[in-house]
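Close look at the chain arrangement
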Amino acid sequence: MLVATGAHDAAELLPGLRVPAFHPVTVTHHTADRPPLSEPALILAAGGRGPVAHTMVASEVDPSRTPPGRVLITSTVLGASAALPAAELDRAVRAQLAAVYGTSTAGWELLATHHDPYAVPAMPAPHDPRRPVRLLSGLYVCGDHRDSSTVQGALASGRRAARAVLSDFGAPPDAGSDTTAGNTGTNSVPAAAA
Ligand SMILES: Cc1cc2nc3c(=O)[nH]c(=O)nc-3n(C[C@H](O)[C@H](O)[C@H](O)COP(=O)(O)OP(=O)(O)OC[C@H]3O[C@@H](n4cnc5c(N)ncnc54)[C@H](O)[C@@H]3O)c2cc1C
């Protein structure tokens, strides 16, 4: 069995598996009647002047996600500010976005706010980015919580798990080889210590 879920679901399926602390993320979606930018761009807004870490005119990238006749502005808030009450966060986000885009945001509408308290596994030092993916022969686990807290980390852990499966099933050493992975993933530990 290969368990490829987030850390909480994995620990429910595999009791004893380590569950890390998490960082929250909140994503806000505003609509406007005209684009504050005329080109697709991800704007890094971190700099201490507001809670937004990055923002983009999402309708320039994917118009199908946008209400008809409107422009969609999507912004990401990381850290403690992500836990602010929605109305308070909206005020702070609007004020920052007005400065970032150089336009008034007073007429923008808040379409949705999505808060995930368990968005990203924390990686306090010393972080092990190669946690074992093979619990025992026939039982494997992968996901960002076994590697780095990114899509890339989740994919890398899945690659390590696949290699461990192939190895346990006696596949040739070069089966499923990938020169970008750089890890064998064949180490094993008891689930309770994982
Ligand atoms: C708002 C937000 C923004 C982010 N931004 C970035 C970013 O910009 N760049 C970046 O690299 N990372 C970002 N991340 C982190 C990134 O999304 C995760 O690190 C990555 O998705 C983890 O992949 P995963 O496969 O480990 O888990 P997931 O993507 O959570 O996938 C696990 C899957 O398992 C399924 N599942 C759960 N239980 C079961 C079950 N019992 N049976 C079958 N299926 C099950 C779930 O439905 C889910 O589809 C962001 C995360 C969030 C929440």
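A short tour of the structure in this document, coming up. Treat the numbers as computed from the prediction; the structure is a model and nothing was measured. (Residues numbered from 1 in each chain as written. Predicted model: local features only at pLDDT ≥ 70, side-chain atom pairs only at ≥ 80, totals over all residues. Heavy atoms only, no water.)

1. Comments concerning the sheet that holds strand E2 (residues 22-32)
Reading across from one edge, E3-E4-E5-E2-E6 is the order of the 5 strands in this open sheet, with antiparallel pairing throughout. Each end of this open sheet is capped by a strand with a single partner; those strands are strand E3 (42-44) and strand E6 (109-121). Between one strand and the next, the sheet's axes are offset by a mean angle of 20°, whatever the strand orientation. As paired elements, E2 and strand E5 (residues 71-78) share 8 bridges and run antiparallel to each other. (Pairing = 2+ DSSP bridges. Helix = DSSP H or I, 4+ residues; strand = E, 2+ residues; numbered from the N terminus. Axes fitted to C-alpha atoms, helices over the stretch in contact; angles between N-to-C directions.)

2. Points about the pattern of salt bridges
Tallied over the full model, the rule gives 5 salt bridges. Ionic pairing is found between Arg-94 and Asp-90, a salt bridge with its closest N-O pair at 3.1 Å. Taken as a pair, Arg-94 and Asp-90 lie in helix H3 (residues 86-101) at a separation of 4 residues, close to a single helical turn. In this structure Asp-90 comes out as buried when scored by relative accessible area, which is 12%. When the shortest N-O distance is used, the salt bridge between Asp-147 and Arg-160 registers 3.6 Å. Within this pair, whereas Asp-147 is found in the loop between strand E8 (139-142) and helix H4 (151-168), its partner Arg-160 is found in helix H4, the two being separated by 13 residues in sequence. (Salt bridge = Lys/Arg side-chain N within 4 Å of Asp/Glu carboxyl O. Buried < 20%, exposed > 50% of the residue type's maximum accessible area, 1.4 Å probe, protein only.)

From the geometry alone we can't say anything about function, so treat these as descriptive.
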